[in-house]
Amino acid sequence: MLMTIRGVNAERALSLMKVYPTPKSLLMAFRSKPPEEAKNLAKIATQEHINRRRWGTKISESLYEVWGAMSYPSRPESGGDDDDEQN
């Protein structure tokens, strides 16, 4: 599941799984931290690993957007096509 995030390869996913072995443990870690700290959770958790296994700031923020955010941005309104069908 982690590898569906752009920039996450198998080595990075495995390095994070050593710290958070289950999705539930990752979610609980996100919920226990304020948003600004949670955005860097993966980066901090993997900072002691080999370079190619470390999570950078941008990838860590992407992980937070997918897994840790308590709310998601609303979808933008579609063009006029759907409005014509409803009227």
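Residues numbered from 1 in each chain as written. Predicted model: local features only at pLDDT ≥ 70, side-chain atom pairs only at ≥ 80, totals over all residues. Heavy atoms only, no water.

## With respect to the overall build of the protein chain
Broken down by element type, the protein chain carries six helices and zero strands. Secondary structure elements of the protein chain, listed N to C terminal, follow the sequence α-α-α-α-α-α. If you sum the accessible surface of the protein chain, you get close to 6500 Å²; carbon and sulfur atoms cover 52% of it. (Helix = DSSP H or I, 4+ residues; strand = E, 2+ residues; numbered from the N terminus. Areas by Shrake-Rupley, 256 points an atom, 1.4 Å probe, with all protein chains shown as cover.)

## Brief notes about the packing of aromatic side chains
In total, this model carries one aromatic pair according to the counting rule given. Ring geometry for phenylalanine 30 against tyrosine 64: centres 5.7 Å apart, planes inclined by 65°, an arrangement best described as edge-to-face. Remark: tyrosine 64 occurs in helix α5 (residues 57–68) and phenylalanine 30 occurs in helix α2 (residues 23–31); sequence separation between them is 34 residues. For the pair phenylalanine 30 and tyrosine 64, one class covers both residues: buried. (Phe/Tyr/Trp six-rings, centres within 6.5 Å; stacked < 30°, edge-to-face > 60°. Buried < 20%, exposed > 50% of the residue type's maximum accessible area, 1.4 Å probe, protein only.)

## Points about the pattern of salt bridges
When the charged atoms of two side chains with opposite charge come close together, those side chains can pair. Under the criterion given, the structure shown has two salt bridges. For the salt bridge of lysine 39 with glutamate 36, the shortest nitrogen-to-oxygen distance reads 3.6 Å. Given the relative accessible area of 27%, lysine 39 is considered partly exposed. Glutamate 36 gets classed as exposed once you look at its relative accessible area, which sits at 58%. (Salt bridge = Lys/Arg side-chain N within 4 Å of Asp/Glu carboxyl O.)

## Topic: the packing of α2 against α5
Contact geometry for α2 and α5: axes closest at 10 Å, N-to-C directions at 100°. It follows from the interaxial angle that α2 and α5 lie roughly perpendicular. Where α2 abuts α5, its residues Pro23, Leu26, Leu27 and Phe30 lie against Leu63, Tyr64, Trp67 and Gly68. A per-class count over the contact of α2 with α5 returns seven nonpolar, one polar and no charged. (Axes fitted to C-alpha atoms, helices over the stretch in contact; angles between N-to-C directions. Parallel < 35°, antiparallel > 145°, perpendicular 65-115°, else oblique. Contact = heavy atoms within 4.5 Å. Nonpolar A, V, L, I, M, F, W, Y, C, P; charged D, E, K, R; others polar.)

## Overview of α5
Within α5 the residues assigned to the buried category are Ile59, Ser60, Leu63, Tyr64, Trp67 and Gly68. Each buried residue of α5 sits inside an arc of 145° when the element is viewed along its axis, so together they form one side. Exposed and oriented more than 90 degrees from the buried face of α5 are Lys58 and Glu65. Those residues of α5 that are buried lie in contact with α1 (10–19), α2, α3 (35–38) and α4 (41–45). (Arc of directions from axis to C-beta.)

## What to know about the environment of phenylalanine 30
By relative accessible area, phenylalanine 30 is classed as buried at 3%. Expressed as a C-alpha distance, the spacing of phenylalanine 30 and alanine 42, which sit twelve residues apart in the sequence, is 9.9 Å.

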